[in-house]
Every structure is written in structure tokens, then in C-alpha cells.
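Topology and contacts: notes
The lines below spell out each chain.
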Amino acid sequence: MDVSNKEKFTLSSELIEYIDSCKQQAHFKSFLINVLQRIQDIHGYLPQCLMEETALRLGVPTAKVYGVATFYHMFRLEPQGKHTINICLGTACYVKGAQRVLDAFKSHLNIDIDETTEDLMFTLKAARCVGTCGLAPVVMIDNDVYAKVTPEDVLTIITKYRQS
Ligand code: FES
């Protein structure tokens, strides 16, 4: 889903104040990472319009802001769902049918890996071994661990989160 261009936000007065205080410092451009982190803390990702506004306020090229945002893995350029579903695709889980479980999540949510549902409820991720191979195939939703998941379990699991 690509809603980043549709979102319209403006920097909060706190962020503007923070950026202005950064500008008083020597080498204020090095504060860019902190500014982006604060934006992400508030919005869960870096909306395009806020990266542009940040560039304008800091007096740096927009390309520099994008460059930093895309260089560091901690920054997300797309909105994230309220719940993150991690499907373990490590060897033990794969052998026990994790791919079919993943396909069931994709099909029920109508999204692919690293995408978020339109209602911003779920983001789907693939994970390497999460360290509980005896429970394979394993699915983690936020901090909840689901063991020996089958494709038939997937709708029930999704429904539980939609209703909570
Ligand atoms: S391979 Fe999935 S938990 Fe280890």
C-alpha cells in the first residue's frame, strides 16, 4: 500500500521548536537523525510531507533528508499496521509448512510481505528463525507467539485481532 503521498501532516509545534533549537547549534545538520526519529515516534513512520517540511525548516536539500531516511534501517517510509505479523521462514518452520501459512495470511489480508492493510491494522513481515524451532511453524503477532500454526488457523487468528 502506498499512502505516503496521500497523508497530509504538518510538523507539530514541539517539533518545530526542536528543529529551531537544533538550528542554534553548531553543525545543526547533524541533528537530522534526531528530528526524523522524533517524527517517526509520533507517526510510526516518516510521512513524505514531513520530510519535505523538515528539509525546508533545517535549510537542507530534500534529497539529504531522503538520503538519511533511506540509509538507516530504523526509519520506515510507509505507515505500519497496528499489529505486526512476523511469519518465521527459518528452516524448521519452512519444512513444517510456513510458506503455506504465509500464503494464507497474504490471501486473507490481501497484502504481500512488507505491506500494510488499507485499514492500517496489520503489517506482514517474514522473519528468520525466532528461536522456538520446536514450535514450528511459528507466527509472532506483536509479542504473541503462535505455535504449530496451520493455514486453517489463520483466519481465526486474524479475527481475534480485528475484534480486540
Ligand atoms: S525456524 Fe522458525 S523458530 Fe526456528
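Residues numbered from 1 in each chain as written. Predicted model: local features only at pLDDT ≥ 70, side-chain atom pairs only at ≥ 80, totals over all residues. Heavy atoms only, no water.

Quick look at the overall build of the protein chain
- Scanning the protein chain from N- to C-terminus turns up seven helices and four strands.
- In the protein chain, the succession of α and β elements from N to C terminus is α-α-α-α-β-α-α-β-β-β-α.
- Rg of the C-alpha trace for the protein chain: 19 Å, well past the compact-globule value of 15 Å for 164 residues, more than 25% over.
- Projected onto the principal axes, the alpha-carbon positions of the protein chain cover approximately 55 × 30 × 25 Å.
- For the protein chain, the share of sequence-separated contacts (at least 6 apart) that also reach a separation of at least 24 residues comes to 64%.
- Carbon and sulfur atoms make up 52% of the accessible area of the protein chain, which amounts to about 9300 Å² in all.
- Seen as two clouds, the 17 positive and the 19 negative side-chain charges of the protein chain have centres 5 Å apart. (Helix = DSSP H or I, 4+ residues; strand = E, 2+ residues; numbered from the N terminus. Rg over C-alpha atoms; globule rule 2.2 N^0.38 Å. Contact = heavy atoms within 4.5 Å. Areas by Shrake-Rupley, 256 points an atom, 1.4 Å probe, with all protein chains shown as cover. Lys, Arg positive; Asp, Glu negative; His and termini not counted. Charge placed at Lys NZ, Arg CZ, Asp CG, Glu CD.)

Here we look at the side chain of Thr54
- The residue Thr54 is located in helix α3 (residues 48–58) in this model.
- Judged by its relative accessible area of 0%, Thr54 falls in the buried class.
- Discounting chain neighbours no more than four positions away, the residues touching Thr54 are Leu11, Ile19, Leu32, Val35 and Ile39. (Buried < 20%, exposed > 50% of the residue type's maximum accessible area, 1.4 Å probe, protein only.)

A word on the domain arrangement of the protein chain
- If you check the domain split of the protein chain, you get domain 1 (13–71) and domain 2 (83–163).
- Relative to domain 2, the C-alpha centre of domain 1 lies at a distance of 34 Å. (Domains from an automatic or database assignment.)

Concerning the nonpolar core
- Membership of the largest hydrophobic core comes to 21 residues, with the highest contact counts inside it found for Leu11, Leu36, Ile39, Leu46 and Val65.
- Of all the secondary structure elements, the ones that give two or more residues to this core are α1 (13–23), α2 (32–43), α3 and α4 (62–71).
- With residues up to four places along the chain from it excluded, the contact list for Val65 reads Leu32, Leu36, Met51, Ala55 and Val60.
- Ranked by size, the runner-up nonpolar core spans 19 residues in total, among them Ile85, Val101, Leu124 and Val149. (Core = buried A, V, L, I, M, F, W, Y, C linked by side-chain atoms within 4.5 Å.)

Concerning the sheet that holds strand β2 (residues 122–127)
- As summarised here, the arrangement of the four strands in space is β2-β1-β3-β4, forming an open sheet in which the pairing is mixed. Edge positions in the sheet fall to β2 and β4 (144–146), since each has one partner strand and no second. Strand-to-strand twist of the sheet, defined as the mean angle between neighbouring strand axes without regard to direction, takes the value 20°.
- By the bridge criterion, three bridges tie strand β3 (residues 139–141) to β4 in an arrangement that is antiparallel. (Pairing = 2+ DSSP bridges. Axes fitted to C-alpha atoms, helices over the stretch in contact; angles between N-to-C directions.)

Here we look at the packing of aromatic side chains
- Applying the stated rule across the entire model yields three aromatic pairs.
- A ring pair is formed by Phe71 and Tyr72, whose centres lie 5.0 Å apart and whose planes are at 85°; its orientation type is edge-to-face.
- The class for Phe71 is exposed, based on a relative accessible area of 61%.
- Judged by relative accessible area, which is 32%, Tyr72 ranks as partly exposed. (Phe/Tyr/Trp six-rings, centres within 6.5 Å; stacked < 30°, edge-to-face > 60°.)

Points about the confidence of the model for the protein chain
- When pLDDT is averaged along the protein chain, the result is 91; 95% of the residues meet or exceed 70.
- Of all the helices and strands in the protein chain, α1 carries the lowest mean pLDDT, 88, while helix α6 (residues 98–109) carries the highest, 98. (pLDDT = per-residue confidence, 0-100.)

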